[in-house]
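Summary of the model geometry
What follows is the residue order along each chain.
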Amino acid sequence: MTFAKKYSDIKNLVSPEIGIIEKHISKMINLSEPLNGKILLFLNSHAKRIRLVLPVLFIKALGKDLTEKQVSALSAVEIVHNASLIHDDIIDESKTRRGLETVSETFGNKIGVIAGDYLLSLAMNILVKLNNNELLESFSKTLSKMCTGEITQNFNRFKIGTIEQYIEKTKDKTAYLFETAVLAPIVFDKTIDENTKDNAKSFALNTGIAFQIRDDLNNLKENETDKPTRNDLNDGIYNAPVIFAQSVENYSDGIEKTENLLNNYIDKAQSYLDILPDNDYKSALNKFLELLKDE
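Here is what the cut-offs are and how they apply
- Residues numbered from 1 in each chain as written.
- Predicted model: local features only at pLDDT ≥ 70, side-chain atom pairs only at ≥ 80, totals over all residues.
- Heavy atoms only, no water.
- 1 Å grid on protein atoms, 1.4 Å probe; cavity = no way out; pocket = protein on both sides within 12 Å on 5 of 7 lines; lining within 4 Å.
- Points joined across faces, edges and corners; volume = space filled by probe spheres on them.
- Helix = DSSP H or I, 4+ residues; strand = E, 2+ residues; numbered from the N terminus.
- Nonpolar A, V, L, I, M, F, W, Y, C, P; charged D, E, K, R; others polar.
- Phe/Tyr/Trp six-rings, centres within 6.5 Å; stacked < 30°, edge-to-face > 60°.
- Buried < 20%, exposed > 50% of the residue type's maximum accessible area, 1.4 Å probe, protein only.
- Lys NZ or Arg CZ within 6 Å of the ring centre and 35° of its normal.

1. As for empty space enclosed by the protein
- Applying the stated criterion to the full structure yields one cavity of 30 Å³ or more.
- The calculated volume of the largest cavity comes to roughly 40 Å³.
- Looking at which element gives the most residues to the lining of the largest cavity, the answer is helix H2 (residues 15–28), with three residues.
- For the lining of the largest cavity, the class distribution of residues is two nonpolar, three polar and three charged.

Next comes the structure, spelled out in structure tokens:
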């Protein structure tokens, strides 16, 4: 069974909640055509919604149902994620995303930048209305870290750094948004204690790190196929396998150590799920983590 099929089974467990959030987001988009239609198509085409699925599963595992405030908070998470993708496509000069032309490919980089900024403004508007300082601080830190991660990566191109630097970059670019995503619904439920909240954040941060390590591994494995693809090596982005091997040409020597690193973060993430009661939602979270180990 493929990753997509296994993940689909996990996602389906919370599909009603994801559908509510998607509708909430779509209602907020109000731009001139044809950009309005393009953004709506981009937002709703073949998106995995991992940053929604994990927090909803966590909340449901605690026996909770989503409130309107929690739906709004998670909408802000997904909007920020999609804004970052639009900006990433400009940085990477990508022509397609989710099987579609990127916004920047269709309308040019100027409109692409503005479209991404527009989505960020929608997320900020949501946060202002929610008026929760803890969540606002988390989003503020995450957005700052996402930018820092991209800048650091750019200035370190074609340099082999350390594993510690790689992990910090991975937190900045990916894991802090996972942490904010899982925190987003929790801050509005006063019955959830601080220990559970801390475990939720640690679960999310370690899951985000594992997710990015897996993505980096897959990027290099694609480099070994006959399929033409743009990869990190060509762009001078040297991730864990290169760092472990201390060689660009012989990066495969670092694959096994990178897989061990990945499994270490998966195990860490799983340990923070022990506080949850045993139910289908907890099982789904564990299955997602196991799925990150698959080839």
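2. Focus: the packing of aromatic side chains
- For the coordinates displayed, the defined rule picks out five aromatic pairs.
- Ring geometry for phenylalanine 3 against tyrosine 7: centres 6.2 Å apart, planes inclined by 15 degrees, an arrangement best described as stacked. With a gap of four residues between them, phenylalanine 3 and tyrosine 7 both fall in helix H1 (residues 3–12), about one helical turn apart.
- Judged by its relative accessible area of 5%, tyrosine 7 falls in the buried class.
- Taking 6.2 Å as the distance between ring centres and 85 degrees as the angle between the ring planes, the aromatic pair formed by phenylalanine 158 and tyrosine 238 counts as edge-to-face. Here tyrosine 238 lies in the loop between helix H10 (194–223) and helix H11 (240–245) and phenylalanine 158 lies in the loop between helix H8 (133–155) and helix H9 (163–186), a separation of 80 residues in the sequence.
- Among the residues examined, phenylalanine 158 registers a relative accessible area of 48% and is labelled partly exposed.
- When the ring centre of phenylalanine 42 is taken as reference, the NZ or CZ atom of arginine 98 above it lies at 4.7 Å.

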